[in-house]
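# Structural features, examined
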Amino acid sequence: MAQIEKSMSILEYFEFLTGLKPTAEQCSLLVDLVNTDIKTVLLCAGRQTGKTLCAAVAVLWFAYKYGKPVRILLVSPPNQQSALEEKLQSFADKNTDLLKEVNVKGREGFPHYGFNLKNGSQVKFREATSKVLGITSDFVLLDEAA
C-alpha cells in the first residue's frame, strides 16, 4: 500500500485504510468526526452500518494525521473493543507503515490496552464499565454506548 499522505482528507484516508468507498452516511459521519468545531457527535445507526469501522479510522486519523500529538480515549464494551482492535490490526496488516510508528517493543500489532506513537500521540482503550476518571484526553470516542 502507498505511503500515508499528510494531505489526505478523512474520506481519502478511509479508502486508503479500508480499501472501501464510504457510503454517503459514512462520509457525513467522518467529516463531522474530524471537524474540531463540532464538540459532540451522536450517532444512532443500525447493525453493520460501519460505526466501529468509522471509529477505527477516526482514531488513526487523529493519532497519525492531526498535526500535533493528541491523547485519544476509546471507551467500548469488551466485545466491541475486540472488534475495533481487529479493524485496527487489519489496517496494519494492509499497511505496515502504520506499525512502524508504534512505540512498543517485543510485540507485533496494536496492543490491546492502547498504544503510543513516535509522534507523541497516545491511544488508550477502556472498557465501558471501567474507570475512566482522571484519564486526560483531547478526543473521546464512545463505541456502543448506552
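Look up a bit, the structure's there.
Please read these numbers as outputs of a predicted model, since none were measured by experiment. (Residues numbered from 1 in each chain as written. Predicted model: local features only at pLDDT ≥ 70, side-chain atom pairs only at ≥ 80, totals over all residues. Heavy atoms only, no water.)

## Comments concerning the packing of aromatic side chains
Here a ring pair, both rings aromatic, is described through the centre-centre distance and the interplanar angle of the planes. Under the defined criterion, the tally for this structure stands at six aromatic pairs. Taken together, a centroid distance of 5.6 Å and an interplanar angle of 65 degrees make the contact between Tyr13 and Trp61 edge-to-face. Remark: Trp61 occurs in helix H3 (residues 51-65) and Tyr13 occurs in helix H1 (residues 10-18); sequence separation between them is 48 residues. Residues Tyr13 and Trp61 agree in their burial class; the two are buried. Grouped by ring-pair contacts, the aromatic residues Tyr13, Phe16 and Trp61 constitute a single cluster. (Phe/Tyr/Trp six-rings, centres within 6.5 Å; stacked < 30°, edge-to-face > 60°. Helix = DSSP H or I, 4+ residues; strand = E, 2+ residues; numbered from the N terminus. Buried < 20%, exposed > 50% of the residue type's maximum accessible area, 1.4 Å probe, protein only.)

## With respect to helix H4 (residues 78-94)
Given a rise of 1.5 Å per residue, 17 residues ought to cover 24 Å, and the 25 Å separating the end C-alpha atoms of H4 matches this to within 8%. Three or more residues of H4 are buried, namely Gln80, Gln81, Leu84, Glu85, Leu88, Phe91 and Ala92. Along the long axis of H4, the arc covered by the buried residues comes to 140 degrees, so they all point the same way. Seen from the buried face of H4, the exposed residues on the opposite side, beyond 90 degrees, are Asn79, Glu86 and Asp93. Packed against the buried residues of H4 are H1, H3, strand S1 (71-76), helix H5 (97-100), strand S2 (114-116) and strand S3 (122-127). (Expected span 1.5 Å × (residues − 1). Arc of directions from axis to C-beta. Contact = heavy atoms within 4.5 Å.)

## Focus: the nonpolar core
Core analysis: the largest hydrophobic core is formed by 35 residues, its most contacted members being Tyr13, Leu60 and Ile72. By residue number, the principal contributor to this core is H3, which donates 12 residues. (Core = buried A, V, L, I, M, F, W, Y, C linked by side-chain atoms within 4.5 Å.)

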